[in-house]
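Each chain, letter by letter, is given below.
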Amino acid sequence: LLVFSESIEPAFSFIHVTDGAAARVDRDDLHLEPHQPTRLAIGLQRLPPGAYRVEWKVTSVDTHKTQGIFTFRVIAP
Ligand SMILES: [Cu+2]
């Protein structure tokens with residue numbers, strides 16, 4: 001779930017979540033949270049421990065574009 005300061009146009013946005021081998025681990029189901037046009041979400045597969053990368057690029061309804069990359073780790077329970 002990524003939260004933005006403006007309402008997002010999902011048709012012109014993406015979030016890609018990849019593992020260490022650059023394989024997609026998201027469910028390719030990009031969507032806005034219900035009644036929350038600034039909250040863009042994507043489902044994830046069950047993630048084994050490891051390092052993951054999130055690359056996102058969004059267009060807001062007023063046509064501003066922003067993008068970014070961040071990483072996160074899943075550690076063993
Ligand atoms: Cu704007």
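See the structure shown above.
Throughout what follows, the structure given in this document is the object of discussion. (Residues numbered from 1 in each chain as written. Predicted model: local features only at pLDDT ≥ 70, side-chain atom pairs only at ≥ 80, totals over all residues. Heavy atoms only, no water.)

### Digging into the overall build of the protein
(1) Moving on: Regarding its fold elements, the protein presents zero helices and six strands.
(2) Moving on: The N-to-C order of helical and strand elements in the protein reads β-β-β-β-β-β.
(3) Moving on: Over its C-alpha atoms, taken along the principal directions, the protein stretches across nearly 40 × 20 × 20 Å.
(4) Moving on: The buried share of the protein, reckoned over its 77 residues, is 30%.
(5) Moving on: Here the contacts in the protein between residues at least 6 apart in sequence split such that 50% fall between residues at least 24 apart.
(6) Moving on: Distance from the positive charge centre (8 side chains) to the negative charge centre (9 side chains) of the protein: 7 Å. (Helix = DSSP H or I, 4+ residues; strand = E, 2+ residues; numbered from the N terminus. Buried < 20%, exposed > 50% of the residue type's maximum accessible area, 1.4 Å probe, protein only. Contact = heavy atoms within 4.5 Å. Lys, Arg positive; Asp, Glu negative; His and termini not counted. Charge placed at Lys NZ, Arg CZ, Asp CG, Glu CD.)

### A closer look at the sheet that holds strand β4 (residues 36-41)
Paired through their backbone hydrogen bonds, the strands of a sheet run either parallel or antiparallel.
(1) Moving on: The antiparallel open sheet is built from three strands, whose spatial order is β1-β4-β3. Edge positions in the open sheet fall to β1 (2-3) and β3 (31-33), since each of these has one partner strand only. (Pairing = 2+ DSSP bridges.)

### What to know about the packing of aromatic side chains
(1) Moving on: Per the counting criterion, the structure on display carries two aromatic pairs.
(2) Moving on: Residues tyrosine 52 and phenylalanine 72 carry aromatic rings whose centres are separated by 5.4 Å and whose planes lie at 20° to one another, so their mutual orientation is stacked. Of the two residues, tyrosine 52 sits in strand β5 (residues 50-59) while phenylalanine 72 sits in strand β6 (residues 65-74), which places them 20 residues apart along the sequence.
(3) Moving on: The class for phenylalanine 72 is partly exposed, based on a relative accessible area of 26%. (Phe/Tyr/Trp six-rings, centres within 6.5 Å; stacked < 30°, edge-to-face > 60°.)

### Notes on the coordination of the copper ion
(1) Moving on: Every protein donor of the copper ion is listed here as Glu6 (OE), Glu6 (OE), Asp62 (OD) and His64 (ND1), and their distances to the metal cover 1.8 to 2.3 Å.
(2) Moving on: Bound by four donor atoms, the copper ion shows angles of 59 to 142° at the metal and therefore irregular coordination geometry.
(3) Moving on: Within one chain, the residues serving as donors to the copper ion are arranged as E-x55-D-x1-H. In this pair, glutamate 6 sits in the loop between β1 and β2 (14-18) while histidine 64 sits in the loop between β5 and β6, placing the two residues 58 residues apart along the sequence. (Donors = N, O, S within 2.8 Å, 3.2 Å for Na, K, Ca; no water. Tetrahedral: all angles 85-135°; square planar, octahedral: opposite > 155°, others 65-115°.)

### Comments concerning the pattern of salt bridges
(1) Moving on: Under the definition given, this model contains three salt bridges.
(2) Moving on: Here aspartate 26 makes a salt bridge to arginine 24, at a shortest N to O gap of 2.8 Å.
(3) Moving on: The class of aspartate 26 is buried, set by a relative accessible area of 5%.
(4) Moving on: Residue class for arginine 24 comes out partly exposed when judged on its relative accessible area of 35%.
(5) Moving on: Here arginine 53 and glutamate 55 are joined by a salt bridge, their closest N and O atoms 3.7 Å apart.
(6) Moving on: The class for arginine 53 is partly exposed, based on a relative accessible area of 37%.
(7) Moving on: Assessed through its relative accessible area of 30%, glutamate 55 is described here as partly exposed.
(8) Moving on: Taken together, the shared-partner salt bridges in this structure form one network comprising Arg24, Asp26 and Asp28. (Salt bridge = Lys/Arg side-chain N within 4 Å of Asp/Glu carboxyl O.)

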